[in-house]
Amino acid sequence: MGCFECCIKCLGGVPYASLVATILCFSGVALFCGCGHVALTGTVNILEAHFSKVTTDHAMLTDVIQLMQYVIYGIASFFFLYGIILLAEGFYTTSAVKELHSEFKTTICGRCISGMFVFLTYILGIAWLGVFGFSAVPVFLFYNMWSTCNTMKSPMANTTAIDSFCVDVRQYGIIPWNATPGKVCGNTLGIVCDSNEFYLSYHLYIVACAGAGATVIALLIYMMATTYNFAVLKFKSREDCCTKF
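Note that the structure is a prediction, hence the values are computed from the model and not measured.

Moving on: the overall build of the chain. Scanning the chain for helices and strands turns up six helices and two strands. From first element to last, N terminus to C terminus, the chain shows the α and β order α-α-α-α-β-β-α-α. Burial analysis of the chain (245 residues in total) assigns 40% to the buried set. Taking the contacts inside the chain whose residues are at least 6 apart along the sequence as the reference set, 81% of them involve residues at least 24 apart. By element, 72% of the accessible surface of the chain is carried by carbon and sulfur atoms, the whole surface being about 13,900 Å².

If you want it as structure tokens, here you go:
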């Protein structure tokens, strides 16, 4: 066998679907975790500076955000390891699929591991659909605030009634109703919207939401690849039992 034929054979055993899913998964999780972490910090700073100047009013929210940041660390570590495992499992199952008509033998343990990954990937896919939906919430809140600022700054806006434009974050349940001041209006709102921290947090939430969507797509690709490979392995095991004397 020549070098060219050897290379073609090696390339034929590469699990391209799992490889693409791994790259997409790493990229999506990195965007979600990195951008989400920074955006959450910026959100706390904006709330403390403009919406809730009494520490006790937003103490619970601060604790929740810190907990979410620690969860982000765990998510990043878990998916880095899980992506590598799924890629390795893809190499194993792809090799089995490519060798259907040779002496390649699958074991019960190997099929059970493949089935476990199929089940776990389905569960993670459903969970990440929830994460994707949850990550869209801060995008919606920041978009409403950004829209109010644009309306206030538009040429059609009445400059004499500039103080009538307000953003009250208490209505979203972020901080309690007795928080001080709870809302910002007029020129103060313009200062908030013109701040770099607001625009940075807003765009980071958008990128984090996109990263969560990319992770969902990656898990869907994993589902299809692992399900197909598991089905072929199970079919081959039955074939071996039927042809065994």
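Let's shift gears to the UniProt feature "transmembrane region" (unreviewed entry) in the chain. In the numbering used here, UniProt assigns the feature "transmembrane region" (unreviewed entry) to residues 19–40, 70–92, 113–146 and 204–228. End-to-end, the C-alpha atoms of residues 204–228 are 36 Å apart, and along that stretch the chain is 100% helix and 0% strand.

On to the pattern of salt bridges. Counted under the stated rule, the structure contains one salt bridge. As a salt-bridge pair, D168 and R170 come within 2.9 Å of each other at their nearest N and O atoms. Assigned by exposure class, D168 and R170 land together as buried.

With that out of the way, let us pick up the packing of aromatic side chains. Counting across every chain of the model gives 14 aromatic pairs. Taking the centre distance of 6.0 Å and the plane angle of 75° together, the rings of Y70 and Y73 count as edge-to-face. Of this pair, Y70 and Y73 both sit in helix α3 (residues 59–98), separated by three residues, roughly a single helical turn. For Y73, a relative accessible area of 44% corresponds to the partly exposed category. Judged by centre distance (6.4 Å) and plane angle (10°), the ring pair of F142 and Y202 falls under stacked. Taken together, the residues span a long stretch of sequence, with F142 in helix α4 (residues 108–153) and Y202 in helix α6 (residues 196–243) at a distance of 60 residues. Judged by relative accessible area, which is 10%, F142 ranks as buried.

The subject of this paragraph is the confidence of the model for the chain. In this model, the chain carries an average pLDDT of 79, and 78% of its residues clear a pLDDT of 70 or more. Here helix α1 (residues 3–12) is the element of the chain with the lowest mean pLDDT, 56, and helix α2 (residues 16–51) is the one with the highest, 88. Predicted confidence is poor over residues 241–245, with pLDDT under 50, and the contacts of this stretch with residues over four places away or in other chains come to zero contacts.

Nonpolar side chains collect at one region of the surface, where Y16, L19 and I23 lie side by side and expose about 290 Å² of accessible area between them. Inspection of the secondary structure puts I23 in helix α2.

We now examine the state of the cysteines. For the structure shown, the criterion picks out two disulfides. Each disulfide pairs two cysteine sulfurs, and for C149 the partner residue is C193, the sulfurs being separated by 1.5 Å. Linking C149 in helix α4 with C193 in helix α5 (residues 186–194), this pair joins segments that are 44 residues apart in sequence. Paired by a disulfide, C166 and C185 hold their sulfur atoms 1.9 Å apart. Across the disulfide from C166 to C185, rotation about the S-S bond amounts to roughly 110°, and the bridge is consequently right-handed. With C166 in strand β1 (residues 166–168) and C185 in strand β2 (residues 183–185), this residue pair connects regions lying 19 residues apart in the sequence. Classification of C166 as partly exposed rests on a relative accessible area of 30%.

What follows concerns the side chain of S201. Following the sequence through the fold, S201 ends up in helix α6. Leave out the neighbours within four places in its chain, and S201 touches A39, G42, T43, I46 and F142.

Here we come to the nonpolar core. F51, F79, W128, M145 and L189 are the most contacted members of the largest nonpolar core, which totals 47 residues. If you list the elements that add at least two residues to this core, you get α2, α3, α4, α5 and α6. By residue number, the principal contributor to this core is α2, which donates twelve residues. Beyond its immediate stretch of four places on either side in the chain, F51 contacts I46, M145, V167, V169, I175, T180, P181, G182, K183 and V184.

What counts, and at which threshold
- Residues numbered from 1 in each chain as written.
- Predicted model: local features only at pLDDT ≥ 70, side-chain atom pairs only at ≥ 80, totals over all residues.
- Heavy atoms only, no water.
- Helix = DSSP H or I, 4+ residues; strand = E, 2+ residues; numbered from the N terminus.
- Buried < 20%, exposed > 50% of the residue type's maximum accessible area, 1.4 Å probe, protein only.
- Contact = heavy atoms within 4.5 Å.
- Areas by Shrake-Rupley, 256 points an atom, 1.4 Å probe, with all protein chains shown as cover.
- UniProt positions renumbered as here; feature names shortened; annotations may be inferred.
- Salt bridge = Lys/Arg side-chain N within 4 Å of Asp/Glu carboxyl O.
- Phe/Tyr/Trp six-rings, centres within 6.5 Å; stacked < 30°, edge-to-face > 60°.
- pLDDT = per-residue confidence, 0-100.
- Patch = residues over 30% accessible without salt bridge, like charges linked within 9 Å, V, L, I, M, F, W, Y side chains within 5 Å.
- Disulfide = S-S within 2.5 Å.
- Core = buried A, V, L, I, M, F, W, Y, C linked by side-chain atoms within 4.5 Å.

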